Amino acid sequence: MRTSIAGTGSYLPDRVLTNADLEKMVDTTDEWILSRTGISERRIAAPEQATSDLAIEAGRMALEMAGLEGGEIDLIIVATLTPDYLFPSTAGLVQRALGAHRAAAFDLEAACTGFIYALAIGDLFVSSGKYSRVLVIGAEVLSRFLDWEDRNTCVLFGDGAGAAVLVPSEDGIRGIVSTHLHNDGRMAELLHAPAGGSRRPTDAEALAQKLYTVKMQGNEVFKIAVTKLSDVVDEILDANGLKEEDVDFLVPHQANLRIIKATARKLRLPMDKVIVTVDRHGNTSAASVPLALDEAVRSNRIRSGDTVLLEAFGGGLTWGGALVNW
Ligand code: COA
């Protein structure tokens, strides 16, 4: 049985932080940020907003599009690396707010590839017949885990959430065709938060050194991202016996416009067939792919019958992709 996406949703906090704002905070320029990353602005959660608050709004919109009530949902998966609490799960908080009292709920951490992982797992639950209504969400409040004095990282990320409702495909044609997940733990420390976990609790010294914030060797990560995303595109095409021209839309992880353009070139796709939100959202980690997907669906760019390739890359290092017959 194939799994289709019955609804999508997204949420962005109101506050916009522009490159001009960042020029006043760190030694950077709009020109540097725009030319190296493609980012012009990003959203920042209000002080009272946590990841679940963003996830709940995106989840509500996705349920509405799918014509479902919270009480009809069987499972909620929230992909995030910035949960409200270490425990209980953010998914459990989303369950409570949506009145999804029947649903099982858990969080999944695969950094920026989190939504692709959540989609793959949700697909398995639906296609196996175990559950018929699964809500998958990618949500982050990364702004709480950035060093706002480190220009190497703070200009890159933003807050947001995106969601999708998975149901059994009615015609067996529309839906998720294949999913592809990867991880290479040998490069775990190229992109990580050194403190805040059991290896290094956030003690006074870790706090003073801001070790709970994102640390990244951007240049290394960039090179590996381009290679691995190229590999995963080949893998998706090969697995489904497709050629580049069979793909109608690319919904890439929104980390850097140069990485997105490299993947588009690989697929020989013109940029009007690539969904780009990085200019306005920055890198929202697990939220980036479902945010871009929701924007493309609601603006009628992606339509029924389109072949859509989703991909992402992030800490872990993780990477992966999915092919969807929309
Ligand atoms: N403003 C101005 N200068 C900056 C800067 C900023 N915000 N951030 C870094 N620089 C400087 C660096 O200090 C460096 O200066 P130096 O040459 O004097 O040492 C210079 O710019 C070049 O840095 P480099 O890291 O080589 O730039 P880059 O072209 O690789 O771009 C990234 C940096 C981070 C944009 C890029 O590496 C990237 O996008 N990496 C992948 C990020 C990613 O995808 N991460 C998440 C995966 S989910």
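Residues numbered from 1 in each chain as written. Predicted model: local features only at pLDDT ≥ 70, side-chain atom pairs only at ≥ 80, totals over all residues. Heavy atoms only, no water.

Trainee: Explanation requested: the packing of aromatic side chains in the structure shown.
Mentor: Here a ring pair, both rings aromatic, is described through the centre-centre distance and the interplanar angle of the planes. Tallied over the entire structure, the rule returns 2 aromatic pairs. Ring centres of Phe313 and Trp319 lie 6.3 Å apart, and the angle between their planes is 25 degrees; this geometry places the pair in the stacked category. Accessibility classification places Phe313 together with Trp319 in one group, the buried group. (Phe/Tyr/Trp six-rings, centres within 6.5 Å; stacked < 30°, edge-to-face > 60°. Buried < 20%, exposed > 50% of the residue type's maximum accessible area, 1.4 Å probe, protein only.)

Trainee: Please clarify how helix α11 (residues 288–298) should be interpreted in this entry.
Mentor: Given 3.6 residues per turn, any residue in an α-helix points the same way as the ones three and four places further on. With 9 of its 11 residues buried, α11 lies for the most part within the structure. Of all the residues in α11, the buried ones are Ser288, Val289, Pro290, Leu291, Ala292, Leu293, Asp294, Ala296 and Val297. Remark: Asn300 follows α11 within two positions and exhibits a positive phi of approximately 65 degrees. (Helix = DSSP H or I, 4+ residues; strand = E, 2+ residues; numbered from the N terminus.)

Trainee: Quick question: what am I supposed to make of the sheet that holds strand β7 (residues 160–168) here?
Mentor: The strands that make up a sheet pair up through hydrogen bonds in the backbone, lying either parallel or antiparallel. The strand order β1-β7-β6-β4-β5 describes an open sheet built from 5 strands, whose pairing is mixed. Edge positions in the open sheet fall to β1 (3–11) and β5 (104–108), since each of these has one partner strand only. When strand polarity is set aside, the average angle formed by the axes of neighbouring strands in this sheet is 15 degrees. Judged from the 5 bridges that link them, strand β4 (residues 75–79) and β5 form a sheet pairing that is parallel. Following the sheet pairing, Val78 is matched in β5 by Asp107. This element, helix α5 (residues 114–127), spans β1, β4, β5, β6 (134–140) and β7 of the sheet and lies at about 170 degrees to β6. (Pairing = 2+ DSSP bridges. Axes fitted to C-alpha atoms, helices over the stretch in contact; angles between N-to-C directions. Contact = heavy atoms within 4.5 Å.)

Trainee: Is there a simple way to think about the nonpolar core in this case?
Mentor: Nonpolar side chains in soluble globular proteins tend to be buried together. Judged by nonpolar contacts, the single largest core of 38 residues is most densely connected at Val155, Leu250, Leu267, Leu309, Phe313 and Leu317. Residue assignment for this core shows that the elements contributing at least two residues are α8 (218–239), α9 (257–266), β12 (307–314) and β13 (318–325). Counting residues per element, this core draws most heavily on α8, at 8 residues. Two domains each provide a minimum of three residues to this core, namely domain 1 (3–172) and domain 2 (176–325). When near neighbours in sequence (up to four residues on either side) are disregarded, Leu309 contacts Val233, Ile236, Val247, Phe249, Leu250, Val251, Leu267, Ala322 and Leu323. One finds Leu108, Ile275, Val289 and Ala296 within the second-largest nonpolar core, a separate group that totals 33 residues. (Core = buried A, V, L, I, M, F, W, Y, C linked by side-chain atoms within 4.5 Å. Domains from an automatic or database assignment.)

Trainee: Is there a simple way to think about α5 in this case?
Mentor: With 14 residues, α5 should reach 20 Å at 1.5 Å per residue; the first-to-last C-alpha distance of 20 Å fits that figure. Counting buried positions over the 14 residues of α5 gives 10, a clear majority of the element. Every buried residue of α5 is accounted for by Gly114, Phe115, Ile116, Tyr117, Ala118, Leu119, Ala120, Gly122, Asp123 and Val126. (Expected span 1.5 Å × (residues − 1).)

Trainee: Can you walk me through the packing of α8 against α9 in this structure?
Mentor: A pair of packed helices is characterised by two quantities: the angle between their axes and the separation of those axes. Contact geometry for α8 and α9: axes closest at 10 Å, N-to-C directions at 30 degrees. What the angle tells us is that α8 and α9 run roughly parallel. The chirality of how α8 crosses α9 is right-handed. Facing Phe222, Ala225, Val226, Leu229, Ser230, Val233 and Asp234 of α8, the residues of α9 in contact are Arg258, Ile259, Ala262, Thr263 and Lys266. Along the lines of polarity and charge, the residues of the contact of α8 with α9 split into 7 nonpolar, 2 polar and 3 charged. (Parallel < 35°, antiparallel > 145°, perpendicular 65-115°, else oblique. Left-handed = near helix turned anticlockwise from the far one by under 90°. Nonpolar A, V, L, I, M, F, W, Y, C, P; charged D, E, K, R; others polar.)

Trainee: Help me understand the sheet that holds strand β8 (residues 175–183), please; the structure alone is not making it clear to me.
Mentor: With mixed pairing, 4 strands are arranged side by side in an open sheet as β8-β13-β12-β11. This sheet does not close on itself; its edge strands, each paired only once, are β8 and β11 (249–252). Strand-to-strand twist across the sheet, computed as the mean angle between neighbouring axes with direction ignored, equals 15 degrees. Sheet topology note: the β11/β12 ladder contains 4 bridges and is parallel. Its bridge partner being in β12, Val251 is matched across the sheet by Leu310. Each of β8, β12 and β13 touches α8; the most contacted strand, β12, lies at about 150 degrees to it.

The analysis is restricted to geometry; functional conclusions fall outside its scope.
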